[in-house]
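Per-entry structural report
What follows is each chain in one-letter form.
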Amino acid sequence: MTNGGAVHERRSAAPVIAPARPRKLAKVPFVELADGRLQGVVSSGSDVERVYVSSITAGDHGLSCNTNNNRPCGGLPGGSRACNHLRALADAAVAQYGLARVARYLKVTLPENTEDLWAGLHTTTAPNRAAEVFSGFLRHLAYLEVPPTTDPLPELQWFPAAGAVR
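So, here is what we can say about the structure in this document. Within each chain, residues carry numbers counting from 1 in the order of the written sequence. Given that this is a predicted model, residues contribute local features only at a pLDDT of at least 70 and side-chain atom pairs are listed and counted only at 80 or more, while totals for whole chains, interfaces and linings are drawn from all residues. Side-chain measures were taken over the full set of non-hydrogen atoms in the model, leaving aside hydrogen atoms and water.

**Digging into the side chain of T114**
- Helical segments are the DSSP runs of H or I of at least four residues, strand segments are the runs of E of at least two, and each set is numbered from the N terminus. With respect to the helices and strands, T114 occurs in the loop between helix 2 (99–106) and strand 5 (124–125).
- Whenever a nitrogen or oxygen atom comes within 3.5 Å of another N or O atom, the pair is scored as a polar contact, on the condition that within protein one atom can donate a hydrogen and the other can accept it, and that pairs from neighbouring residues in sequence are kept only if both atoms are in side chains. Looking at T114, its side chain comes within polar contact range of the main-chain nitrogen of D116, at 3.1 Å.
- Contact criterion: two residues are considered in contact whenever any of their non-hydrogen atoms come within 4.5 Å of each other. When sequence neighbours within four positions are dropped, the list of residues in contact with T114 reads L99 and A119.

Encoded structure:
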């Protein structure tokens, strides 16, 4: 800290939290804890043109898995048992954020001495949120095409300048 606040508060970039452990981006290119869900995009494995948009809601542990063109996942029978895409998403989230953080976000009570997130989930069927999640993924991908610069990005200007909030 300095007199003017933390050093990172005076920069245009926020500190990045390192992943809990390395993960493979080819299988799960996008995973986030947002909007009351663990959500992300999982590669098909059988078709390079297809991805699955999967999510688990916090609290009620509702499962949702659909293709990028909004077709239901065939491996999610009745919506209450996890398909392989949801399991890959959960594994990637644990690798990215750590088991404790993911469990806390999803409001999961894990049995003692377990490292398995699924041991604490009591799953239900969730509404389809594929469009919202996939839209967020595409928005993140767009930043890969932005040339490197230290100039502020107009769409991120809603962040207050350091010292502007009193």
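Moving on, there is more to tell.
**Looking at the packing of helix 1 (residues 84–97) against helix 2**
- Packing of helix 1 against helix 2 brings their axes to within 7 Å, and their N-to-C directions diverge by 120°. Classed by the angle they form, the pair helix 1 and helix 2 counts as oblique. Packed against helix 1, whose contacting residues are A93, V94 and Y97, the element helix 2 presents L99, R101 and V102 at the interface.
- Lys, Arg, Asp and Glu make up the charged group, whereas Ala, Val, Leu, Ile, Met, Phe, Trp, Tyr, Cys and Pro make up the nonpolar group; the residues left over, Gly among them, are polar. Tallied by class, the residues present in the contact of helix 1 with helix 2 amount to five nonpolar, no polar and one charged. Axis definition: a line fitted to C-alpha atoms, over the contacting stretch in the case of helices. Angles run 0 to 180 degrees between N-to-C directions. Any angle that is under 35 degrees is reported as roughly parallel, and any over 145 degrees as roughly antiparallel; angles of 65 to 115 degrees are reported as roughly perpendicular and all others as oblique.

**A look at a nonpolar patch on the surface**
- Distance thresholds for patches are 9 Å for like charges and 5 Å for nonpolar side chains (Val, Leu, Ile, Met, Phe, Trp, Tyr), applied to residues having over 30% relative accessible area and no salt bridge. Throughout, the Shrake-Rupley method with a 1.4 Å probe supplies accessible areas, and for residues the shown protein chains are the sole cover considered. A carboxyl oxygen of Asp or Glu within 4 Å of a side-chain nitrogen of Lys or Arg is what we treat as a salt bridge. Nonpolar side chains collect at one region of the surface, where L138, L141 and L144 lie side by side and expose about 300 Å² of accessible area between them.
- With respect to the secondary-structure elements, L141 resides in helix 3 (residues 130–142).

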